[in-house]
Structure formats: structure tokens, C-alpha cells
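# A look at the structure
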Amino acid sequence: MARNLNWDDSDVVEVIGAQANGPVLILCEHASNVIPAQYGGLGLSAEARNSHAAWDPGARAVAVQLAEALCSPMVAATVSRLVYDCNRPPEATSAMPDRSEVIEVPGNRGLSAAERAQRVAQVYTPFCSAVRQVICARKTAGLATALVTIHSFSPVWFGAQRDCEIGILHDSDTRLADAMLAESHRLPHRVIRRNDPYGPEDGVTHSLQLHGLAHDLPNVMIEIRNDLLQGAESQTRLANEVLTLLRPALNVLGETVKGGAHA
């Protein structure tokens, strides 16, 4: 299908430090709540467009700080996940949901096959291509790479409180998740859990499968409860806490982290 002439790949994906040679590739699929004008806000209220349904608040800030601390590249989506969720395959209903928790998404109701295909071409394909380009360039350069995706989640879901604060998620490759969880004693004040608040059964490990497992990269998805990410100071604090788990875990896997393991 022809692309909308008002769109360009650079509109939907952000790549920072593509040439950086640190040990990880950071992804942030839900970095933005931007809804391009052609979608008329998807029929959402301003409150809904700013809610966790539209993006992962605080996730991009954490992802950027991790990439900087580890001298590594980052790839982020710059369009709301309600337009297209880059952590879902095109065939998944949740890639363009008409409802997210209690929030209805009128602009996603009754999408035709052609309309779905257009969003795949406009958002998902450029994002995946950008990730693949970074991975292939790193392989060509002989750089060992671990894939780390950064997300945040709501403290309340369908009225139920969530006490997990940091979730360490994995699919069939548990290497990096195991190594990070083994370091959880370094953050005794945090509730850190495996595959919580989501797991593979919830369909959230698409990026790990497509960009991690398919390229034989150690991989992990990190979920941070978004009430812990309110404001720059809190975001920096949580980024440092993630590094407290991630740096020694990478060393265990034989990666080289510039600056050495976290003490």
C-alpha cells in the first residue's frame, strides 16, 4: 500500500547513538503519546490521550538515561501505541486496540484491512527496520549486544492495586532476566518480580521474540510502575536503580560495561 505522503520514517522512530559501542540496545516502544493529526485524536479526550493507555509515562526518560550511562544506542517509537503498538505483531487485535482497560478508542473501531495495513506500513515497519539496522550494524562491527526494552505500567488496573514496582520480564530466553533478578538484593526497598505485572501469556514479549530471540541476543523487558516516575528526579532515581541490576547482570553474561560493574 502506498504511504501517506505526509509521513516519513523519521516521523515515527527516534534513534539515539546509533554508532555507540556499549553493550546493549535499548528499545522504548511506548515512548510517546503523539497522535498524528490525520487520526483526529482517535476520538479520545485530552485526559485519555495523556493517560497510560496512550503511552508509558516516564519510560523514554529512563531509556535515554540508560543508553547514555551504558554508552549504547536507543530506538524509540514517537507515535502513540494507540495508533500502532510496536510491541505487537500486525495480526494482533491489541496492535490497534479499540479499548484499553476502561478507555474506549473510537478511532480504532471497525478498522478495515487496508486501514490496518496502512498503519503497519506507517509505524510498525519503520520502527522494526530501524531496530534491525542497528542490530545488523553492531553484528557487522563485532559488538556483543543485549536487548533491553523499557516500559512503565499503571499502579491500578481495573480497580486493583498493583504492589509490584519493577517487573523483570522474559520469554524463552531467561539469561538476562535471571542475572538481573539475582541482583535484586541490591534494592531491598523495592518489590521486584519476574514476569509481573505481565508475562509472555499476555502477548507482551513480541519485541523480545522479534528483535532478541530471532537474533540470538540476550534480552529482557523492564516494567516500572509509573507512579515511581513522576518528575525528572524520580526518573533518574529509577534509571540508576535499573542500572544497579543491569550492570552486574551484563557482566555475568560476559558483556563489557563501560565504567565497570555497579558497586
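Criteria and cut-off values
Residues numbered from 1 in each chain as written. Predicted model: local features only at pLDDT ≥ 70, side-chain atom pairs only at ≥ 80, totals over all residues. Heavy atoms only, no water. Phe/Tyr/Trp six-rings, centres within 6.5 Å; stacked < 30°, edge-to-face > 60°. Helix = DSSP H or I, 4+ residues; strand = E, 2+ residues; numbered from the N terminus. Buried < 20%, exposed > 50% of the residue type's maximum accessible area, 1.4 Å probe, protein only. Disulfide = S-S within 2.5 Å. Polar contact = N/O pair within 3.5 Å; in protein donor to acceptor, adjacent residues only side chain to side chain. Contact = heavy atoms within 4.5 Å. Core = buried A, V, L, I, M, F, W, Y, C linked by side-chain atoms within 4.5 Å. 1 Å grid on protein atoms, 1.4 Å probe; cavity = no way out; pocket = protein on both sides within 12 Å on 5 of 7 lines; lining within 4 Å. Points joined across faces, edges and corners; volume = space filled by probe spheres on them. Nonpolar A, V, L, I, M, F, W, Y, C, P; charged D, E, K, R; others polar.

### A look at the packing of aromatic side chains
Taken as a whole, this structure holds 2 aromatic pairs when the rule is applied. For the ring pair Tyr84 and Tyr124, a centre distance of 5.2 Å and an interplane angle of 45 degrees mean the geometry is tilted. In this pair, Tyr84 sits in the loop between strand S3 (74–77) and strand S4 (99–100) while Tyr124 sits in helix H4 (residues 113–140), placing the two residues 40 residues apart along the sequence. Its relative accessible area of 10% is what places Tyr124 among the buried residues. With a centroid separation of 5.2 Å and 85 degrees between ring planes, the pair formed by Trp157 and Phe158 is classed as edge-to-face. Residue class for Phe158 comes out exposed when judged on its relative accessible area of 52%.

### As for the state of the cysteines
Under the definition given, this model contains 0 disulfides. Between Cys28, a free cysteine, and Cys86, which holds the nearest cysteine sulfur, the sulfur-to-sulfur gap is 11 Å. By relative accessible area, Cys28 is classed as buried at 0%. There is no disulfide at Cys136, and the cysteine sulfur nearest it, in Cys128, is 13 Å away.

### Some remarks on the side chain of Arg119
With respect to the secondary-structure elements, Arg119 resides in helix H4. Only 3.3 Å separates the side chain of Arg119 from the backbone oxygen of Gly107, close enough to count as a polar contact. Contact partners of Arg119, with chain neighbours within four places excluded, come to Tyr39, Leu42, Leu82, Val83, Tyr84, Met96, Gly107, Asn108, Leu111 and Tyr124.

### A closer look at the nonpolar core
With 41 residues, the main nonpolar core has Leu25, Leu42, Leu44, Val75 and Tyr84 as its most contacted residues. Taken together, the elements giving at least two residues each to this core come down to strand S2 (24–28), S3, H4 and strand S6 (146–153). Dropping the residues within four chain positions of it, Tyr84 is found in contact with Pro89, Pro90, Ala95, Met96, Arg119, Val120, Val123 and Tyr124. Ala76, Ile168, Leu187 and Leu246 belong to the second-largest nonpolar core, a separate cluster that totals 38 residues.

### So, the pairing of strand S11 (residues 219–225)
Among the 7 residues that make up S11, 7 are buried, leaving the element largely enclosed by the rest of the structure. Of the two faces of S11, the one holding Asn219, Met221, Glu223 and Arg225 and the one holding Val220, Ile222 and Ile224 are both buried throughout.

### Some remarks on the layout of surface pockets
Considered as a void within the structure, the largest pocket measures approximately 470 Å³ in volume. Lining the largest pocket are 28 residues, with Arg81, Arg88, Ser100, Trp157 and Tyr198 sitting closest to its centre. At the level of elements, S4, S6 and S11 are the ones that each hand at least two residues to the lining of the largest pocket. Ranked by the residues each element gives to the lining of the largest pocket, the list is headed by S6, at 3 residues. Class assignment for the residues of the lining of the largest pocket results in 11 nonpolar, 9 polar and 8 charged. Considered as a void within the structure, the second largest pocket measures approximately 150 Å³ in volume. As for the second largest pocket, its lining consists of Val15, Ala18, Gln19, Ala20, Ala130, Gln133, Val134, Ala137, Arg138, Ala141 and Leu143. The residue makeup of the lining of the second largest pocket, split by class, is 8 nonpolar, 2 polar and 1 charged.

### Considerations on the environment of Asn21
For Asn21, the position within the fold is in the loop between strand S1 (13–16) and S2. Given the relative accessible area of 42%, Asn21 is considered partly exposed. Counting along the chain gives 52 residues from Asn21 to Pro73, while the straight-line C-alpha distance between them is 7.8 Å.

### A word on helix H3 (residues 59–69)
Among the residues of H3, those classed as buried are Ala59, Val62, Ala63, Val64, Leu66 and Ala67. Turning to H3, the residues buried within the fold contact S1, S2, S3, S6, S11 and helix H7 (232–252). Once H3 finishes, Cys71 follows within two positions and takes phi at roughly 50 degrees, a positive value.

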